[in-house]
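Each chain, letter by letter, is given below.
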Amino acid sequence: MNYLRTAMLLAGLTALFMGVGYLIGGAAGAMIALVIAAATNLFTYWNSDRMVLRMYGAHEVDRTSAPELVGLVAELAGRASLPMPRVFVMDEAQPNAFATGRNPQNAAVAVTVGLMNQLSREELAGVIAHELAHIKNHDTLLMTITATIAGAISMLAQFGMFFGGHRDNNNGPGIVGSILMMILAPLGAMLVQMAISRTREYAADNLGARIAGQPMWLASALVKIEGAAHQVPNYDAERNPATAHMFIINPLSGHGVDNLFATHPSTQNRIAALQQLAAELGAQAPSVGANENYPPRSPWGQSSSSGPSRGPSPGPWG
């Protein structure tokens, strides 16, 4: 089903790409757009992970430069029966994370410095397990290619606005058509992106919670990340909004409701699903609310507040 959904999504985006090309240059424009789309698909398949990581200034770390983080990823990857992915860190204050790569053998997990500084070790494990679930479900190819092509559609539509605005209605879309194209083409690309986004996130939450062994670790992490997304801007994401759906929480805005244009499901709905899973698994499921205040803690369970710190809960890594 993942391969079928990927093919359907790429077909839809390619058709939209050709439609914009047709409006700009007629049949010849559609053919040129088809060639560009095919080249983009091929290039993105092999290079999308490097493009996205470079876009966010992510740098690779290893057991020498980040032994705790890499060790945690390795332990969880082993529990998920996955090859060890490459691990990257983004110098970004907003806590967030994403996974990328065309398949599990060529995958990468990227986390921000803010995520490492503000989450406990257990919460960080929940987030990493979620990203590993995306890798295991082969979502990463879908997410990175979608981000690239959707961004290309938006750029082509903007180009068409300037190119088409100087043409009459007999030879091109005209000024009115160009304005509509500039608005509707990116909107169409976004709707195609969102077609499977919510199901993908819920599935990754479920599998990630099972990998980590404690659904409420991820639930607690989602609360913290959601709260920070309201307050800490991610300027790289603002410059590249087509990649917003790749992150565990939308880095662009704090919309907390399920609606047609949301890049992610409601955080409250995700938490409710995790609480239900915790009850099914017989795990402790404390109440987690979006308005709760959590003291900032390091990834390894040490509280950064002046009060006494809680010891980390026993995890699958000991």
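Preceding this section is the structure that the text describes.
A brief report on the enclosed structure follows.

The rules behind these values
- Residues numbered from 1 in each chain as written.
- Predicted model: local features only at pLDDT ≥ 70, side-chain atom pairs only at ≥ 80, totals over all residues.
- Heavy atoms only, no water.
- Axes fitted to C-alpha atoms, helices over the stretch in contact; angles between N-to-C directions.
- Helix = DSSP H or I, 4+ residues; strand = E, 2+ residues; numbered from the N terminus.
- Parallel < 35°, antiparallel > 145°, perpendicular 65-115°, else oblique.
- Left-handed = near helix turned anticlockwise from the far one by under 90°.
- Contact = heavy atoms within 4.5 Å.
- Nonpolar A, V, L, I, M, F, W, Y, C, P; charged D, E, K, R; others polar.
- Expected span 1.5 Å × (residues − 1).
- Buried < 20%, exposed > 50% of the residue type's maximum accessible area, 1.4 Å probe, protein only.
- Pairing = 2+ DSSP bridges.

1. Here's the deal with the packing of helix 2 (residues 67–79) against helix 4 (residues 121–136)
Part 1 of the reasoning: In the contact formed by helix 2 and helix 4, the axes pass within 10 Å of each other and the chain directions differ by 55 degrees. For the element pair helix 2 / helix 4, the angle class is oblique. Note that helix 2 runs across helix 4; the crossing there is right-handed. Contact with helix 2, carried on its side by Leu69, Leu72, Val73, Leu76 and Ala77, involves Arg121, Leu124, Ala125, Ile128, Ala129 and Leu132 of helix 4 and no other residues of that element.
Part 2 of the reasoning: Residues belonging to the contact of helix 2 with helix 4 are distributed by class as follows: ten nonpolar, no polar and one charged.

2. Regarding helix 4
Counting along an α-helix, one turn takes 3.6 residues, and residues three or four places apart therefore face a common direction.
Part 1 of the reasoning: Here helix 4 contains 16 residues, and its C-alpha end-to-end distance of 22 Å stays within 8% of the 22 Å for a straight helix at 1.5 Å per residue.
Part 2 of the reasoning: Counting buried positions along helix 4 yields 15 of 16 residues, so the element is predominantly enclosed.
Part 3 of the reasoning: In the stretch just after helix 4, histidine 138 is the one whose phi turns positive, near 60 degrees.

3. Some points on the sheet that holds strand 1 (residues 59–61)
Part 1 of the reasoning: Sheet architecture is open: four strands sit in the order 1-2-4-3, paired in mixed fashion. At either end of the open sheet lies a strand with only one pairing partner, and these are strand 1 and strand 3 (97–101). Geometrically, the sheet is characterised by an average inter-axis angle of 35 degrees between neighbouring strands, direction not taken into account.
Part 2 of the reasoning: Strand direction decides the pairing type here: strand 2 (residues 86–90) and strand 4 (residues 107–112), joined by five bridges, are parallel. Bridge pairing in strand 4 places arginine 86 opposite alanine 108.
Part 3 of the reasoning: Strands strand 1, strand 2 and strand 4 of the sheet are contacted by helix 2, whose axis makes an angle of about 135 degrees with strand 2.

4. Section: the pairing of strand 4
Part 1 of the reasoning: By the criterion of burial, strand 4 is predominantly enclosed, with six of the six residues buried.
Part 2 of the reasoning: As defined by bridge partners, strand 3 adjoins strand 4 across five bridges and the pair is classed as antiparallel. What sits directly across from glycine 101, in strand 4, is alanine 107.
Part 3 of the reasoning: Adjacent in sequence and paired antiparallel, strand 3 and strand 4 are bridged by five residues.

5. Focus: unusual backbone geometry
Glycine aside, a negative phi is what most residues show, and trans is what most peptide bonds show.
Part 1 of the reasoning: A positive phi angle, near 55 degrees, is found at serine 81, a position not held by glycine.
Part 2 of the reasoning: Turning to its location among the elements, serine 81 is positioned in the loop between helix 2 and strand 2.
Part 3 of the reasoning: Here serine 81 falls in the exposed class, since its relative accessible area comes to 61%.

Purely spatial values, then, with no claim about function.
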